[in-house]
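Structural overview
Chain residues, written in single-letter form:
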Amino acid sequence: MTDQYQTFAKSPIGKFVIKNLGLPAPINLDRFESATPVVKGAVLFGAAPASTLSGSIAQVLANIHANSYTGNNAELQQAAAKTGLNLGAFNQGDKESKFKAVIFDASGIQNSEQLNELYQFFNPIARQIQTSGRVVIVGITPETAKTVKQAIAQRALEGFVKSVGKEFKKGIAAQLVYVDEGAEANLESTVRFALSPRSAYVSGQVIRVSKADVADVDWAKPLAGKTAVVTGASRGIGEAIAHVLARDGAHVICLDVPQQQADLERVAGEIGGSVLAIDITANDAGEKIKAAAAAQSGLDIIVHNAGITRDKTLANMKPELWDLVININLSAIERVNDYLLENAGFNKNGRIVCVSSISGIAGNLGQTNYAASKAGVIGLVKFTAPILKNGVTINAVAPGFIETQMTAAIPFAIREAGRRMNSMSQGGLPVDVAETIALFASSASTGLNGNVVRVCGQSLLGA
Ligand code: NAD
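What you see is a predicted model, and the numbers here were worked out from it, not measured in a lab.

1. Concerning the packing of helix α7 (residues 188–195) against helix α16 (residues 430–441)
At a minimum axis distance of 10 Å, the contact between α7 and α16 shows a crossing angle of 165 degrees. By the angle class used here, α7 and α16 are roughly antiparallel. The hand of the α7/α16 crossing is right-handed. Residues Ser-189, Thr-190 and Phe-193 of α7 form the contact with α16, whose participating residues are Glu-435, Thr-436 and Leu-439. By residue class, the composition of the contact of α7 with α16 is two nonpolar, three polar and one charged.

2. Observations regarding the UniProt feature "domain: Ketoreductase" (unreviewed entry) in the protein chain
UniProt marks residues 226–400 with the feature "domain: Ketoreductase" (unreviewed entry), using the numbering shown here. A distance of 29 Å separates the end C-alpha atoms of residues 226–400, which is 45% helix and 22% strand.

3. Concerning the nonpolar core
Of all hydrophobic cores here, the largest spans 70 residues; its most connected members are Phe-45, Leu-61, Ile-103, Val-138, Leu-245, Val-252 and Cys-254. Inspection of this core shows a minimum of three residues originating in each of domain 1 (31–209) and domain 2 (227–455). Excluding residues within four positions of it along the chain, Leu-245 makes contact with Leu-223, Ala-228, Val-230, Ala-250, Val-252, Val-303, Ala-438 and Ala-441.

4. A few points about the sheet that holds strand β4 (residues 99–105)
Spatially, seven strands are ordered β3-β2-β1-β4-β5-β6-β7 in an open sheet, and the strand pairing comes out parallel. Where the open sheet ends on each side, the last strands, each with one partner, are β3 (87–89) and β7 (205–209). Averaged over all pairs of adjacent strands, the angle between strand axes in this sheet comes to 25 degrees, irrespective of strand direction. Note: strand β2 (residues 67–70) against β3, three bridges, orientation parallel. Residue pairing across strands places Ser-68 opposite Leu-87, the latter belonging to β3.

5. Notes on the sheet that holds strand β11 (residues 299–304)
Taken together, the seven strands give an open sheet; going across it, the order is β10-β9-β8-β11-β12-β13-β14, and neighbouring strands pair in parallel fashion. At either margin of the open sheet sits one strand with a lone partner, and together these are β10 (274–277) and β14 (452–455). Averaged over all pairs of adjacent strands, the angle between strand axes in this sheet comes to 20 degrees, irrespective of strand direction. Here four bridges tie strand β9 (residues 251–256) to β10, and the two strands are oriented parallel to one another. Bridging across to β10, Ile-253 finds its partner in Ser-274. Against the sheet, helix α8 (residues 236–247) makes contact with β8 (227–231), β9 and β11, and its axis sits at roughly 170 degrees relative to β8, the strand it touches most.

6. Some points on unusual backbone geometry
One non-glycine residue, His-65, lies in the positive phi region at around 55 degrees. On the accessibility criterion, His-65 (70% relative accessible area) is exposed. In this structure, Asn-349 takes a positive phi of about 60 degrees despite not being glycine. One can find Asn-349 in strand β12 (residues 346–355). Classification of Asn-349 by relative accessible area gives partly exposed; the value is 22%.

7. Digging into the environment of Ala-183
Looking at the element boundaries, Ala-183 is found in the loop between β6 (173–179) and α7. Given the relative accessible area of 0%, Ala-183 is considered buried. On a C-alpha basis, the gap between Ala-183 and Lys-211 in space is 4.0 Å, while along the polypeptide they are 28 residues apart. Beyond its immediate chain neighbours, meaning those up to four positions away, Ala-183 contacts Val-209, Ser-210 and Lys-211.

Basis of the calculations
Residues numbered from 1 in each chain as written. Predicted model: local features only at pLDDT ≥ 70, side-chain atom pairs only at ≥ 80, totals over all residues. Heavy atoms only, no water. Axes fitted to C-alpha atoms, helices over the stretch in contact; angles between N-to-C directions. Helix = DSSP H or I, 4+ residues; strand = E, 2+ residues; numbered from the N terminus. Parallel < 35°, antiparallel > 145°, perpendicular 65-115°, else oblique. Left-handed = near helix turned anticlockwise from the far one by under 90°. Contact = heavy atoms within 4.5 Å. Nonpolar A, V, L, I, M, F, W, Y, C, P; charged D, E, K, R; others polar. UniProt positions renumbered as here; feature names shortened; annotations may be inferred. Core = buried A, V, L, I, M, F, W, Y, C linked by side-chain atoms within 4.5 Å. Buried < 20%, exposed > 50% of the residue type's maximum accessible area, 1.4 Å probe, protein only. Domains from an automatic or database assignment. Pairing = 2+ DSSP bridges.

Below you can see the structure in the form of structure tokens.
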């Protein structure tokens, strides 16, 4: 649906009113377009002394042909030269240069005093990041740090990144990537995502990369040859997920309830996919999903997107509304996963991606059933991730306010609050959720396991 406030904010009179009343000024966020560079503009690359991840970051910048610059940092120049990355010189006193993205390797920060490296690097250039720009900080997973002091300093990065996300405005998104020991080779898919317009509505997030096999990937079609099942694919976020996974090369089996058959066929027709009209709560849902995927090349990806709300305050909630929501949003996912995992339902490097909600993180009035189900999804991801084998991973996205039929039905005042109470001052689009799911689904993301990434424009709810 259209955001009338955003349209107004762009008109000459709107700009005047907004400036004078100090109201939020949402901008049109850049979004992914095929056949365009990962970063459309200059990238500034910095690092704390003795950082260990600069070579791997430089390799990613070289691979994406980023127009990259650095200040006076001989160590970084050397690391970059080894990867063939040509780093232009940037004079820190230069106030004219603008950057579309800034990436900083903080892995060398050993103690809290050295956090000053962040200040030294970011303070002079804080006003030189363009609209829809990106700030990416890469650090060491605190739990794997060598000393307590290092763990504390690395943990501190989170507060810095989240504050940058809130402070920089203009659609600038900031992320923190924590890398486990030995996982340098696994960070490419995450760094590409965090630098690109695919992360338009993702900000203030921490993504953890662990050590795993590295796959050879065609970055233009990272899902080529893969078979994906998307539940709830006939409309809304599920429809966008089906489109994005197909765009990235997957054959998508679009699943929804039989009542949605006509819309399912429309979506599957648009993307050259196939249709599976079943209810995910049926006892044989896992078996049917496995059989449908076997008719293609076997199951590589399942996206558990189907979900419902049945809002009532707890005192007014009928037992059947409680049961229905828990069953569709959580128990059915558990049953399907259990069936697939116990019956060799996944190909090697299979991907399970779940859709939670910020309601499951923050709780919400009238949503005890829904929030419990979505918090359960986070638990499902956290406790399943360590027991998976054969390169299979499980991750979740937690959307905030996304412009869909579901949110269009919310009363005006609550809807406006949901839209504006985030760092982007606007609602997200279904495609924003889909792009984050595509990151987890990618063959290059075996190092992402057990993550929950919010797609909420850094909503204040549950932050
Ligand atoms: P939607 O209602 O537009 O679509 C949900 C789809 O799931 C529908 O097509 C529906 O038929 C299908 N579905 C429901 N029960 C099913 C079942 N038993 N078996 C098979 N399919 C079933 O909702 P949406 O806004 O696109 O939301 C998609 C997911 O994102 C949901 O899990 C929702 O909880 C979550 N989410 C949405 C928002 C938002 O702002 N829209 C925010 C947070 C989380």
